[in-house]
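Residues per chain, in single letters:
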Amino acid sequence: MFTTVRSVSEKTQPGALPLDLFAAIESLKKSLNAVVLAHYYQEPDIQDVADYIGDSLQLASAAAQTDASVIVFAGVHFMAETAKILNPNKLVLLPDLDAGCSLADTCPPSEFAAFKQAHPGHLVISYINCSAEIKAMSDIICTSSNAVKIVQQIPPDQPIIFAPDRNLGRYVMQQTGRDMVLWQGSCIVHETFSEKKIVQLRITHPESEIIAHPECEEPVLRHANYIGSTAALLKYCQESSSQEFIVATEPGIIHQMQKAAPHKAFIPAPPENNCNCNECPFMRLNTLEKLYLAMKNQAPEITMDEEIRVKAWRPIQRMLEMSA
Ligand code: 13P
Ligand code: SF4
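Residues numbered from 1 in each chain as written. Chains lettered and ligands numbered in written order. Predicted model: local features only at pLDDT ≥ 70, side-chain atom pairs only at ≥ 80, totals over all residues. Heavy atoms only, no water.

**Student:** What am I meant to see in the overall build of the chain here?
**Tutor:** Secondary structure summary: the chain contains 15 helices and twelve strands in total. Each principal axis of the C-alpha atoms in the chain carries an extent, and together these give about 60 × 55 × 35 Å. Expressed as a percentage of its 324 residues, the buried residues of the chain come to 55%. For the chain, long-range pairs separated by at least 24 residues make up 64% of all intrachain contacts whose partners lie at least 6 apart in sequence. Here the chain displays about 13800 Å² of accessible surface, and carbon together with sulfur accounts for 51% of that area. Seen as two clouds, the 26 positive and the 37 negative side-chain charges of the chain have centres 2 Å apart. (Helix = DSSP H or I, 4+ residues; strand = E, 2+ residues; numbered from the N terminus. Buried < 20%, exposed > 50% of the residue type's maximum accessible area, 1.4 Å probe, protein only. Contact = heavy atoms within 4.5 Å. Areas by Shrake-Rupley, 256 points an atom, 1.4 Å probe, with all protein chains shown as cover. Lys, Arg positive; Asp, Glu negative; His and termini not counted. Charge placed at Lys NZ, Arg CZ, Asp CG, Glu CD.)

So, in structure tokens, the structure goes:
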């Protein structure tokens, strides 16, 4: 872990922040009996201070198993909400409550209830990137690392609704040969990659491999040498003999890739426009400063209606059992 000492402007932060945030966070972890869980898309400083870094499934499993009293979730709202669903009696903190998810937002509960009603007899499998209300209306939750495995366990004659990500849904259909009714949601970050620029990059880096998250659109996925969750992409680039990778997912993951394989090169897949839109604007709302303040103030806290929590717990539990 780096021991970066931050210079804090008295003007913008009047006495609120200690100079060594890393040390202050370590001290708060002990006094609160807190664990810091961080997603791979978090800024490098947050990843370096975390007790556990993972993809959505690994973080949900870590939240299910922790004996800490406080869970500090450095990720987005649906991830922290999942931790709360699994730990109703623990304090779950999210450094910035506005850290939402564009994909989860594509699936409003009232519209999804009507969609379900229009497809009677369908089993509902929802990607974990959805609200607690959507989880409560689902039969099984999945993540990008277990979606194929879960769908393969469903009897072949059982019709399935898959929500909310149409790209992951289409990928699962291709992998399993199953037909599914797809909710037409998508992620603003994974939709932004340019097929043309990726192909051009591959021409100038002929030895490279393209690795992609299944939330990417089909024109990008068809060029990929490997498709997987963030954790699977990290594992793949360590095990592959290639020395260069074009990474079609949020570039926050490259921090761990670079640590795990310092002699390899990782090139972020370029977005369509000349912007930073391959960075998740929601994940990036969390900062080390906000993480420290959340621990110090024990807020903002994730809360939810108990009836929804109980209903949302069952499909998450089913996922954990089916992916064991
Ligand atoms: P992973 O489960 O692969 O980490 O995906 C989370 C996510 O939000 C991808 O956009
Ligand atoms: Fe949601 Fe996309 Fe951000 Fe993942 S990258 S948290 S799916 S907006």
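Past the structure itself, the notes keep going.
**Student:** Quick question: what am I supposed to make of the sheet that holds strand E2 (residues 52-54) here?
**Tutor:** Neighbouring strands of a sheet are bound in pairs by backbone hydrogen bonds; such pairs are parallel or else antiparallel. Across the sheet, four strands lie side by side as E2-E1-E3-E4; this open sheet has parallel pairing. Edge positions in the sheet fall to E2 and strand E4 (91-93), since each of these pairs with one other strand and no more. When the angles between neighbouring strand axes are averaged without regard to direction, this sheet yields 20°. Direction of pairing for strand E3 (residues 70-74) relative to E4: parallel, over a ladder of three bridges. Bridge pairing in E4 places Val70 opposite Leu91. (Pairing = 2+ DSSP bridges. Axes fitted to C-alpha atoms, helices over the stretch in contact; angles between N-to-C directions.)

**Student:** Is there a simple way to think about the nonpolar core in this case?
**Tutor:** The nonpolar side chains of a soluble globular protein tend to be buried with one another. Ranked by size, the top nonpolar core spans 68 residues in total, and within it Leu37, Ile71, Phe73, Ile125 and Met319 carry the most contacts. Looking at which element gives the most residues to this core, the answer is helix H4 (residues 77-86), with six residues. With residues up to four places along the chain from it excluded, the contact list for Phe73 reads Leu37, Leu59, Met79, Ala80, Ala83, Leu93, Leu94 and Pro95. (Core = buried A, V, L, I, M, F, W, Y, C linked by side-chain atoms within 4.5 Å.)

**Student:** What am I meant to see in the side chain of Ser126 here?
**Tutor:** Structurally, the position occupied by Ser126 is in strand E5 (residues 123-127). Residue Ser126 is classed as buried on the basis of its relative accessible area, which comes to 0%. A polar contact is formed between the side chain of Ser126 and the side chain of Ser138, at a distance of 2.7 Å. (Polar contact = N/O pair within 3.5 Å; in protein donor to acceptor, adjacent residues only side chain to side chain.)

**Student:** Just to check I follow, could you spell out the state of the cysteines for this structure?
**Tutor:** Among covalent bonds in proteins, the disulfide is the one between the sulfur atoms of two cysteines. Taken as a whole and assessed by the stated rule, the structure comprises one disulfide. Disulfide pairing is shown between Cys275 and Cys277; the S-S distance is 1.7 Å. Note on Cys275: relative accessible area 27%, which makes it partly exposed. Free cysteine: Cys130, not disulfide-bonded; nearest cysteine sulfur from Cys107 at 6.9 Å. (Disulfide = S-S within 2.5 Å.)

**Student:** Just checking my understanding: could you explain the site of ligand 2 for this structure?
**Tutor:** Neighbouring ligand 2 are Tyr41, Val76, Cys101, Ser102, Asn129, Cys187, Val189, His190, Glu215, Cys280, Phe282 and Met283. Its residues assigned to classes, the shell around ligand 2 shows eight nonpolar, three polar and one charged. (Near = heavy atom within 4 Å. Nonpolar A, V, L, I, M, F, W, Y, C, P; charged D, E, K, R; others polar.)

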